[in-house]
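The chain contents come next:
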Amino acid sequence: MSDRTPPTTGSDVELIHLIAASIRRERERSGLSMAELARRAGIAKSTLSQLESGAGNPSVETLWALGVALNVPFSRLVDPPHPTVKVIRAGEGPVTHSARADYAATVLSSCPPNARRDIYRIEAQPGETRASDPHMPGTVEHVMIGAGRALVGPTEDPVELGPGDYVSYPGDAPHIFRALAADTLAVIVMEHI
């Protein structure tokens, strides 16, 4: 899971520091040592140390692996506190990028305490498939395409979707998202059962 060098824009730096604090908070809450969390997430301890100090820029894959290892939704690691009314304009919000595909996930709404869902806006370009490892047991993903086309769903049996099409599938099994058209936009709702 390769992670890029730290970003240089102010909002990107703020997100990196938010992610660093979130990882540290959730690791301490779970009572895991840095070495144990790194082992469970399948990353190097030095990588985790960099991420917790705000010196790294984690990929989507690294954050998912950390979320699974910590048994918390991905959004808990990237979504800052927000007011009661929340508006996120296109091009805004906490964005994480895939290290494996031209794929960017923006957290639109994280799962509040005692609720069990997160909402993401996905922007993707044709090219590499975004392959996802299984998330927490019981996770279900719901995907609706807003623009473009994509191949989405279980790795072994994905479906092609166009604008307005919807699919749901187990998120606790390997699954993919592959843009088939330029500027593909989608909304993914993750249910955590």
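Residues numbered from 1 in each chain as written. Predicted model: local features only at pLDDT ≥ 70, side-chain atom pairs only at ≥ 80, totals over all residues. Heavy atoms only, no water.

## A word on the overall build of the chain
Item 1. A count of helical and extended segments in the chain gives 5 helices and 10 strands.
Item 2. For the chain, with 193 residues in total, the buried portion stands at 43%.
Item 3. Within the structure as shown, the chain displays about 9400 Å² of accessible surface, and the carbon and sulfur contribution to it stands at 54%. (Helix = DSSP H or I, 4+ residues; strand = E, 2+ residues; numbered from the N terminus. Buried < 20%, exposed > 50% of the residue type's maximum accessible area, 1.4 Å probe, protein only. Areas by Shrake-Rupley, 256 points an atom, 1.4 Å probe, with all protein chains shown as cover.)

## Digging into the packing of aromatic side chains
Item 1. On inspection of all chains with the given rule, the structure shows 4 aromatic pairs.
Item 2. Between the aromatic rings of Trp64 and Tyr120, the centroid separation amounts to 6.3 Å while the plane-to-plane angle is 55°, which identifies the pairing as tilted. Taken together, the positions of Trp64 in helix H4 (residues 60-70) and Tyr120 in strand S3 (residues 117-124) put the pair 56 residues apart, joining distant regions of the chain.
Item 3. Owing to a relative accessible area of 3%, Tyr120 belongs among the buried residues under this scheme.
Item 4. Note that Arg130 overlies the ring of Tyr103, its terminal NZ or CZ placed 5.3 Å from the centroid. (Phe/Tyr/Trp six-rings, centres within 6.5 Å; stacked < 30°, edge-to-face > 60°. Lys NZ or Arg CZ within 6 Å of the ring centre and 35° of its normal.)

## Points about empty space enclosed by the protein
Item 1. Using the criterion set out here, one finds 3 cavities of 30 Å³ or more in the structure.
Item 2. Its boundaries defined by the atoms lining it, the largest cavity holds a volume of some 140 Å³.
Item 3. Contributing to the lining of the largest cavity are 15 residues, with Trp64, Tyr103, Ser132, Glu141 and Ile188 lying nearest its centre.
Item 4. For the lining of the largest cavity, the secondary-structure elements that each account for two or more residues are strand S2 (103-109), S3, strand S4 (130-132), strand S9 (175-179) and strand S10 (184-191). (1 Å grid on protein atoms, 1.4 Å probe; cavity = no way out; pocket = protein on both sides within 12 Å on 5 of 7 lines; lining within 4 Å. Points joined across faces, edges and corners; volume = space filled by probe spheres on them.)

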